[in-house]
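Structure assessment
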Protein chains: 2
Amino acid sequence: MSFTQSILEGNRLPLSRVLTQVENDSTEGRAALAELFLHTGKAHLIGVTGAPGTGKSSLVNQLTLHYRKEKKNKVAIIAVDPSSPFTGGAVLGDRVRMRDLSGDDGVFIRSMASRGSVGGLARKTAAFVQVFDAAGYEIIIIETVGAGQSEVDIARLAHTTVVVEAPGLGDEIQAIKAGILEIADVLVVNKADRPGVENTERALRSTLELAHPTKRIFRHHGRTVSVDEPDVDEILWLPPILKTISTEGTGIAELAEAIAKHAAHLRQSGDWTDRDRTRLRSELEALLRDELMSRFLGGIQQRDYEVVLERVIQRDISPYDAVRSLLNGKMS
Amino acid sequence: MSFTQSILEGNRLPLSRVLTQVENDSTEGRAALAELFLHTGKAHLIGVTGAPGTGKSSLVNQLTLHYRKEKKNKVAIIAVDPSSPFTGGAVLGDRVRMRDLSGDDGVFIRSMASRGSVGGLARKTAAFVQVFDAAGYEIIIIETVGAGQSEVDIARLAHTTVVVEAPGLGDEIQAIKAGILEIADVLVVNKADRPGVENTERALRSTLELAHPTKRIFRHHGRTVSVDEPDVDEILWLPPILKTISTEGTGIAELAEAIAKHAAHLRQSGDWTDRDRTRLRSELEALLRDELMSRFLGGIQQRDYEVVLERVIQRDISPYDAVRSLLNGKMS
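Throughout, residues of each chain are indexed from 1 in the direction in which the sequence is written. Chain A is the first chain written and ligand 1 is the first ligand written, with later ones labelled in order. For this predicted model, a pLDDT threshold of at least 70 governs which residues receive local features, and a threshold of 80 or more governs which side-chain atom pairs are given and counted, while totals over whole chains, interfaces and linings are taken from all residues.

**Looking at the overall build of chain A**
Just so we agree on the cut-off: Helical segments are the DSSP runs of H or I of at least four residues, strand segments are the runs of E of at least two, and each set is numbered from the N terminus. Remark: residues whose backbone-derived C-beta atoms lie within 7 Å of one another are considered to be in contact.
Each helix and strand in chain A was counted, giving 14 helices and 9 strands. Summarising the internal contacts of chain A: among those between residues at least 6 apart in sequence, 78% fall at separations of at least 24.

**Some thoughts on the packing of helix α4 (residues 56-69) of chain B against helix α11 (residues 252-269) of chain B**
Residue and element names in this part refer to chain B. Short version of the rule: Angles here are taken between N-to-C directions and fall from 0 to 180 degrees, while the axes themselves are lines fitted to C-alpha atoms, restricted in helices to the stretch in contact. Oblique is the label for every angle not falling under 35 degrees (roughly parallel), over 145 degrees (roughly antiparallel), or within 65 to 115 degrees (roughly perpendicular).
Contact pair α4 / α11: the axes reach a minimum separation of 10 Å and the direction vectors enclose 75 degrees. Here α11 runs roughly perpendicular to α4, going by the angle between their axes. Listed contacts from α11 to Q62, L63, H66 and Y67 of α4 are I252, A253, L255 and A256.

**Here we look at the confidence of the model for chain A**
All names here are of chain A. What counts is decided by this rule: Each residue carries a pLDDT score, the predictor's own confidence in it, on a scale running from 0 to 100.
Looking at chain A as a whole, its pLDDT mean stands at 82, while 78% of the residues score no less than 70. Throughout residues 84-92 the model reports pLDDT below 50, and contacts reaching past four residues in sequence, or to other chains, amount to 25 contacts. As a predicted assembly, this complex carries a pTM of 0.74 together with an ipTM value of 0.81.

**Let's talk about unusual backbone geometry**
Residue and element names in this part refer to chain A. Within the chain, D25 stands out as a residue other than glycine whose phi angle is a positive 55 degrees. By the element assignment, D25 lies in the loop between α2 (12-23) and α3 (27-37). One non-glycine residue, K191, lies in positive phi territory at about 55 degrees. Assignment of secondary structure puts K191 in the loop between β6 (186-189) and α10 (197-211).

**A few points about the pairing of strand β5 (residues 160-165) of chain B**
Successive side chains on a regular strand alternate, one facing one side of the sheet and the next facing the other. Residue and element names in this part refer to chain B. Cut-off, in case you're wondering: For every residue, the other C-beta atoms within 10 Å of its own C-beta are counted; 20 or more classify it as buried, 12 or fewer as exposed, and values in between as partly exposed. C-beta atoms are placed from the backbone. When DSSP finds at least two bridges between two strands, those strands are taken to pair.
Buried residues dominate β5, accounting for 6 of its 6 residues. Residues T160, V162 and V164 of β5 are buried on one face, and the alternating residues T161, V163 and E165, pointing to the opposite face, are buried as well. One ladder, built from 4 bridges, connects β5 with strand β6 (residues 186-189); its direction is parallel. Its bridge partner lying in β6, V164 is registered against V188.

**Here's the deal with the packing of α2(A) against α3(A)**
Residue and element names in this part refer to chain A. Selection rule: Each crossing gets its hand from how the near helix is turned against the far one by less than a right angle, where anticlockwise is left-handed and clockwise is right-handed. Side-chain classes are defined by residue name, with Ala, Val, Leu, Ile, Met, Phe, Trp, Tyr, Cys and Pro counting as nonpolar, Asp, Glu, Lys and Arg as charged, and the others, Gly among them, as polar.
Where α2 contacts α3, the two axes come as close as 7 Å, and the packing angle between them is 115 degrees. As for the relative orientation of α2 and α3, their crossing is left-handed in sense. Residue-level inspection shows V18, Q21 and V22 of α2 in contact with α3, the latter providing E28, G29, A32 and L33. Classifying every residue of the contact of α2 with α3 gives 4 nonpolar, 2 polar and 1 charged.

**A closer look at helix α13 (residues 302-313) of chain A**
In plain terms, the rule: The span one expects for a helix is its residue count, reduced by one, times 1.5 Å.
Here α13(A) contains 12 residues, and its C-alpha end-to-end distance of 16 Å stays within 8% of the 16 Å for a straight helix at 1.5 Å per residue. One or two steps after α13(A), the chain reaches A:R315, where phi turns positive at roughly 60 degrees.

**Remarks on the pairing of β6(B)**
All names here are of chain B. Side chains of β6 alternate between two faces, with V186 and V188 and L187 and V189 buried alike. When β6 meets strand β9 (residues 241-243), the two strands line up parallel, connected through 3 bridges. Its bridge partner lying in β9, V188 is registered against L242.

**Observations regarding the environment of A:K243**
Mapped onto the fold, A:K243 is located in strand β9 (residues 241-243). Considered as a pair, A:K243 and A:D133 are 110 residues apart in the sequence and their alpha carbons are 30 Å apart.

**Points about the environment of A:Q21**
All names here are of chain A. Note that Q21 resides in helix α2. With 11 residues separating them along the chain, Q21 and A32 place their C-alpha atoms 8.9 Å apart. Not counting the four nearest positions on each side in its chain, Q21 is found in contact with S26, E28, G29 and A32.

The following block contains the structure:
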């Protein structure tokens, strides 16, 4: 049995190995990914994002336990921490996670610390998703920390994005979340037994109204839709706000239900295919850029490149002119 | 007098216009930037970053007022908010800023909300820096919100990075800052009249020790250096921790002094030139990638591209194979 065949059949050891190859962007990793890709497109990708302190990791654990109760779906968790670019430090909550979920062969957990650029991180996450998808994980949870552009980029990978809040993290922090709220499909106020939960919910609701202005008429798949049409619910999704206490498992079933409902909505409205298409388009473009650059650099002398760079540093020519001279020297 | 000549001479109207052109990445913007670039390399670029609620904007205002007291240096402020990628919303503290600093011809403030990718944002910030540098702004402050990768990318532009903290923002938030602390040249605990300032300072100090392990021997410009060498202070910079109360102007002179000391350190150690070189190298690379992609796309039929993309979406070929077939069809 070949290496990729063994992954497709769900063996954990080669799966683990290919993830490392893919993370290192090795030749073997690329080759395996190209084969595995042909078997993707089945998984439901769920992004879970929120500031540190919201109890997001424990929520992901509970959700996973819920999915695994019926042993129907295999669940993969990719925990990404883009906020620690240098230390590549530990992803918070890892130890708790291992305690809750280890020993279940239907769960695979992989942490990814951020080394290198955000673009690189999002691309590796996308590659991990493909590997898990091909390996038969029907549910893939991408967990990210924070509320910056990097999280948004990673969330773009997901079919369903869950944004987690908690009471008492400060109004200033809420205020900045307007951007992330716009990508939320499901909102969760976790730690709902804490004081201030009503305030958090209220703040979320009003920010949400800002982020999703109630348009009476909007465009969908090229056609103009009015909110008064009878079938508008099929194409218009209003993110629900749910309350959970992840440490006690409260509200988890309702969360799973909301996520499933969103998946059904995506399929019905055609947005599922749209998100797939958008994701693959940008992946293709990123790969194309990398390959063009690497072919170009392979075709010129490193010394010529350095000479041009030196002229830029001396303010002798501008970077624009440097690019022009490099490309015209090489490609005409 | 030509357009760029007028900018070089410090006129505000054409400066304002070229910033808009550059932000829109127009042909005029590119042409002006190529000319202006030849006059850059003089400014001290100061990055100021910190979570919302740290009073960072007001600190930047006070620092600017301090620089302007002697009317020696012109100051430009670029306020970047990468955390609001969709709304492109208002940069916090803008109104206060205008009240404090408007009416001074030696100060130019420009906000930039994040639209598009992080890479794009960092690149536009870099272009803005070049415009201000050419226009004779000796001090350029790049203010960013948050602690994610995007802030790190933008901070990489700066010669001196100031990281702002404040008491009472929660330990969890402190914990996540390890990454950003590694790029800090100067640390500020603002709102130092608030309770908990000692805790914040202590937390910073211990995180700082993790981020900058006291190595006895390290490499610098290709040579091995021991911390016992008599001239080690010239090449080893230990980030100071300062306390400020920006609303009262307390500690601002000391902050300005620490920033000036760091600039002197950079020049003495040769790191100033190094940072310049690294910045221009990645700028050249980014431009080269864009140009390669745009030339490539210009040379193929949009329809051919779509056909290949469709095969990827159907899982008929992998993105890697798609890239290969696009490039071989085109460039052989």
